[in-house]
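Remarks on the overall topology
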Amino acid sequence: MSLDISFIGILIGSIMASSVPLILAASGELITERSGVLNLGVEGMMIIGAISGFALMVITDNLFIAILGSMLSGVIISLIFGFLTQSLLTNHVATGLALTIFGIGLSAMLGKNFVGIPGKEFPILFLSLRESIPFFGPILFGHSIVLYFAFALPFLTNYFLKKTKLGLVVRAVGDSPVSASNQGINVILVRYCCILYGGAMCGLAGAYLSLIYTPQWIENMTAGRGWIALALVVFATWSPIKVLIGALIFGGITILQLHMQAIGFRIPVQFLSALPYLMTIIVLVVISRDSRKIKLNTPTSLGRIFYKEK
Amino acid sequence: MYKNFFRYLISAIFLLGFSVNSNADFKVGFVYVGPTGDHGWTFQHHEGRNAVEAAGIKTTFVESVPEGADAERVIRQLAQSGHDLIFTTSFGYMDPTNKVAKDFPNVKFEHATGYKREHSNVSTYSARFYEGRTLLGHIAGKMTKTNTIGYIASFPIPEVIRGINAMTLAAQKVNPNIKTKIVWVFTWYDPGKEAEAAQALIDQGADVIMQHTDSTAPVQTAEKAGVWSFGQASDMQRFAPKSILTSIIDDWAPYYVERAIAARDGTWNQQDTWHGLKEGMVAMGPYNSAMGADLVKEVEQLQKDLASGKVHSFTGPIYDQKGNILVAEGKVADDGMLAGMSVYVKGVEGDIPK
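Below or above, wherever it landed, is the structure these notes cover. The structure presented is a predicted model; accordingly, all values stated were derived computationally and were not measured. (Residues numbered from 1 in each chain as written. Chains lettered and ligands numbered in written order. Predicted model: local features only at pLDDT ≥ 70, side-chain atom pairs only at ≥ 80, totals over all residues.)

Counting secondary structure elements, chain B contains 11 helices and 14 strands. Scaling as 2.2 N^0.38, a compact globule of 354 residues should have a C-alpha radius of gyration of about 20 Å, and chain B matches this with 22 Å. In chain B, the proportion of contacts linking residues at least 24 apart, taken out of those at least 6 apart, comes to 63%. (Helix = DSSP H or I, 4+ residues; strand = E, 2+ residues; numbered from the N terminus. Rg over C-alpha atoms; globule rule 2.2 N^0.38 Å. Contact = placed C-beta atoms within 7 Å.)

Structure representation (structure tokens):
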């Protein structure tokens, strides 16, 4: 309808809000994958985070504990995955899939008593600035703390992987666990840590949905966002900044297509619904065309089982 | 090897169950398409089951059963394990229900929202939700300041289109300048997507939000944005106490209890039920006092008239988008036309997705 500048500001604000769970989950999974572990349980860890966060909010009435608890629950459930794949050397793909199925089932069971309870309002920062500044207000202000964290995360992740010694260790473990092990690095320990970190971020992504974005608990409320996060990591060729771009494109086109429908564009709705998936893949493939760089970023031993010969 | 072992174990358990159940009392089975915790469609069917249970009849239920081949297996299982009456509560169970009914002539079947009754032991039932939509349209037409109503639609099936049309006709009657903006989300529930759709409609100037999806996300979004909304399938008032004007509530309980008792007492017969406000299968949540006493009174009167049949949601003249007459002046749409509704009425913008 009205395409004035303040409207576009509001639009960008809601696009940012919708891409937060994707950024969080994908950034976490990215670290896990860079260490050579393929965890397909993102959806399962997210949904566990969503129910844990919501349940803790209802029980303790404390949002801080709820957020922390959701991350902890992500850690706990990813620990199962870590133990199976790293200590018992099970297949990554099968274990990850099992984790997702398990997570969805467990969350439904845990959530039985939390259906139909309205959530609490999550504090929003700089609300007055949001309304007083046109265009930039709704983009920069009036968000939850988790959103600011999510938007800082890809840059922090990038810095961590490229500039810190620990980041180098993670990449070494992902690229060549045998050489890393020979250098005296405890490969299994590093991978455990990366799995648990990924679990924490997925848990937080789930809590963002159940506490902030749509404050309520409903079974299966992540509705496939975990799988999209997984795909983002691959199409972003394991680059944190491209994950951020991909998540924004996906969120952006999802929101835009709803607006186009409401305006009454004469484009088949089914095509509009498929557009986010299509555009995200196309854009990410185009911006990651450099095969040398892809090779550089791809963890060579991704999904392969490592065991130390004694 | 283990696989086989488990197969034997499972069959043994089922056989055991079968032999025990065949002697058991009268039992009713329910098949749900979603989880009982969806707080929408399945939740309300489950409430109905609870009422049957409270009436002293034994029941079992299977939740989250996908429509299709799986459904047939589950329905057959229920029929085999000694259930005397089986409610299959989703449109997609239509063919599986009829298929199983053929093999179990002594078991009674009740299929929700379908139209196929191929065997004498299959009944169908549905609710006239569109009567509720007429009330929502009347309220929306009076409450809107921007003359824009936002409608979150799920799938382009007659049920949903009927709701859009009924709402628009009622809104036009009280406010000729009304505009209905529709967003199709192609899901029954995905809270995130429903919230985004609601936000998009609000950003586009809608100040009344209506949904034909099952989660409470749209009403919460409306509450945050300070616009009006309506609850869907169950009373959602506590999720958006300021924003919700009323809710359409599906109340299956009286029907389920009545049919279960009839089947138990041997008075069950095949029928096609389409109940509405009159019988209470469609009920309205409490009206928000923000509507003002006059409007509440008006709507309550309309509700009475719809229930008594004095007013019909689809009273002519009704035109389609191109201006062709659908229902002539002074006539009302018959049930056949309502059941197969697949065009928008005049005043709805956009095309129905194919």
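From this point on, the discussion continues.
This part takes up the packing of helix 7 (residues 145-163) of chain A against helix 12 (residues 240-263) of chain A. Residue and element names in this part refer to chain A. Packing of helix 7 against helix 12 leaves a shortest axis separation of 8 Å and a crossing angle of 160°. As judged from the angle between their axes, helix 7 and helix 12 are roughly antiparallel. Here the hand of the crossing between helix 7 and helix 12 comes out right-handed. For the pair helix 7 and helix 12, the contacting residues are Pro154, Thr157 and Asn158 in the first and Pro240, Ile241, Val243 and Leu244 in the second. (Axes fitted to C-alpha atoms, helices over the stretch in contact; angles between N-to-C directions. Parallel < 35°, antiparallel > 145°, perpendicular 65-115°, else oblique. Left-handed = near helix turned anticlockwise from the far one by under 90°.)

Right, let's get into the nonpolar core. Core analysis: the biggest nonpolar cluster contains 176 residues, and A:Ile23, A:Leu24, A:Ala25, A:Ala26, A:Leu204, A:Tyr208 and B:Val183 have the highest contact counts within it. If you tally residues by element for this core, the top one is helix 10 (residues 187-213) of chain A, at 17 residues. Counting contributing residues, this core receives three or more from each of domain 1 (2-127) and domain 2 (129-250 + 283-339) of chain B. (Core = buried A, V, L, I, M, F, W, Y, C linked by C-beta atoms within 7 Å. Buried ≥ 20, exposed ≤ 12 C-beta atoms within 10 Å, placed from the backbone. Domains from an automatic or database assignment.)

This part covers the pairing of strand 8 (residues 208-211) of chain B. Residues and elements named next belong to chain B. Neither face of strand 8 is left uncovered, since the one carrying Val208 and Met210 and the one carrying Ile209 and Gln211 both have all their residues buried. In terms of strand pairing, strand 6 (residues 148-153) meets strand 8 through four bridges, oriented parallel. Across the sheet, residue Gly150 finds its bridge partner in strand 8, namely Ile209. Across two bridges, strand 8 lies against strand 9 (residues 228-233) in parallel orientation. Across the sheet, the residue bridging to Ile209 is Ser229, located in strand 9. In this fold, the crossover linking strand 8 to strand 9 by way of helix 8 (residues 217-225) has right-handed handedness. (Pairing = 2+ DSSP bridges. Right-handed = clockwise from strand over helix to strand, strands pointing away.)

Moving on: the interface of chain A and chain B. Between chain A and chain B, the residue contacts involve 34 residues of the former and 31 residues of the latter. Of all the secondary structure elements, the ones that give two or more residues to the side of chain A that touches chain B are helix 1 (5-34), helix 10, helix 12 and helix 13 (269-287) of chain A. Tallying contributions element by element places helix 12 of chain A first for the side of chain A that touches chain B, with seven residues.

Here we come to the sheet that holds strand 11 (residues 272-275) of chain B. Residues and elements named next belong to chain B. Read across the sheet, six strands follow the order 2-1-3-4-5-11 without closing on themselves; strand pairing throughout is parallel. The strands lining the two open edges of the sheet, one partner per strand, are strand 2 (58-62) and strand 11. Adjacent strand axes in the sheet meet at a mean angle of 20°, parallel and antiparallel pairs treated alike. Pairing analysis gives four bridges linking strand 1 (residues 27-31) to strand 3 (residues 85-88), with the strands arranged parallel. Opposite Val31, over in strand 3, you have Thr88 as the bridge partner. Along the sheet, helix 9 (residues 253-265) makes contact with strand 1, strand 3, strand 4 (108-112), strand 5 (122-127) and strand 11, crossing strand 3 at roughly 155°.

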